[in-house]
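# Examining the three-dimensional arrangement
What follows is each chain in one-letter form.
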Amino acid sequence: IAELLPEAADAAVPVHEYLKQLEDSVQLELSTLPHLDGHPLLREHFGRLIWQLRRIEAEGRFHPADLASLAQESMSALEALLKWILEAWPARAASWPQRDRVGTDHFRADPVGHLVNEHAANVLGGLMARDVRLAALYRDRPLKALLAAALLSIFERSDHPLVHLPASSLQIDQLLSYVDMRNKAAHASGSSIEVDSALAMARFALEWQEQFKPYF
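Every chain begins its residue count from 1, and numbering advances along the sequence as written. Two thresholds apply to this predicted model, a pLDDT of at least 70 for residue-level local features and 80 or more for giving and counting side-chain atom pairs, whereas whole-chain, interface and lining totals are computed over all residues. In computing side-chain values, all of the structure's heavy atoms are included and hydrogens and water are not.

### As for the nonpolar core
Buried Ala, Val, Leu, Ile, Met, Phe, Trp, Tyr and Cys residues form a nonpolar core when they are joined through side-chain atoms within 4.5 Å. Burial classification: accessible surface area is computed with a 1.4 Å probe over protein chains only, and a residue below 20% of its type maximum counts as buried, one above 50% as exposed, and the rest as partly exposed. Core analysis: the largest hydrophobic core is formed by 69 residues, its most contacted members being Phe 107, Leu 124, Val 132, Leu 151, Trp 208 and Phe 212. Secondary structure counts use DSSP, requiring at least four H or I residues in a row for a helix and at least two E residues in a row for a strand, with both numbered from the N terminus. Contributions of two or more residues to this core are made by helix H1 (15–30), helix H2 (40–59), helix H3 (64–88), helix H5 (118–125), helix H6 (129–138), helix H7 (143–152), helix H10 (172–186) and helix H11 (195–210). Ranked by the residues each element gives to this core, the list is headed by H3, at 12 residues. Two residues qualify as a contact provided that any one of their heavy atoms is within 4.5 Å of a heavy atom in the partner residue. If we ignore the near neighbours within four places in the chain, the residues touching Phe 107 are Val 102, Val 112, Gly 113, Val 116, Ala 121, Leu 124, Gly 125, Ala 148, Leu 151 and Leu 152.

Next up, the structure:
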């Protein structure tokens, strides 16, 4: 199948045929991610992400809205992945202490401390504790709260994948940086995403999910 697909977009190919070729190539790439097959939400989001990323890469031209959409889908795919983690390795969040902010101490102590640098600890520790608790219970909060809840779940689950993955591959600080970049572009701040940043964000999301393959 791969041999039948063109390596780059051909301007002479009719639009409908080009889109069919693009969809075929996306399905081919998804076939290399069989761990997503039993998880419709993950497969949907990562499929969209791959489609948008490969289209921009192949065409070499884009509208600012394309980059904003790619950035949004990158973070949506990671949100879906964090929701899966929280569902597969649930914590007893209902018993978590009630407080205003989560607090940085939780992210500086082992077994979480080696995964989170000081900046990330301050960002995650400054989140509203209620949002993080609800993220763990219902998986319906923004990405930062989902990430904080997943990290805090490590204290209760020795089988948690985040216990075994290295800080060098998780890159929590980089992930938080991408979240902020997406948020600024999405909230009429006057900030737009550069093409290199949008592409890097998408590739980061794809690489981030790869490390969880053994845990599906």
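Don't stop here, the text continues.
### Quick look at the packing of aromatic side chains
Ring geometry is summarised as follows: Phe, Tyr and Trp rings, the Trp one being its six-membered ring, pair when their centres sit within 6.5 Å, and such pairs are stacked at plane angles under 30 degrees, edge-to-face over 60 and tilted between the two. What the rule picks out here adds up to 5 aromatic pairs. Ring geometry for Trp 208 versus Phe 212: centroids 5.2 Å apart, planes at 50°, classification tilted. Taken together through their ring pairs, the aromatic side chains of Trp 84, Trp 89, Tyr 215 and Phe 216 make up a single cluster.

### Some points on the layout of surface pockets
Taken as a whole, the largest pocket holds about 250 Å³ of empty space. Grid points spaced at 1 Å and placed over the protein atoms alone form the basis of the search, with a cavity being a set where a 1.4 Å probe fits but cannot get out and a pocket an open set showing protein on both sides within 12 Å along at least five of seven lines. Lining residues have an atom within 4 Å of a point. For the largest pocket, the lining is made up of 13 residues, of which Trp 96, Pro 97, Val 102, His 106 and Leu 152 are closest to its centre. Of all the elements, H6 adds the most residues to the lining of the largest pocket, at 4 residues. Grid points are joined across faces, edges and corners, and a volume is the space filled by probe spheres set on the points.

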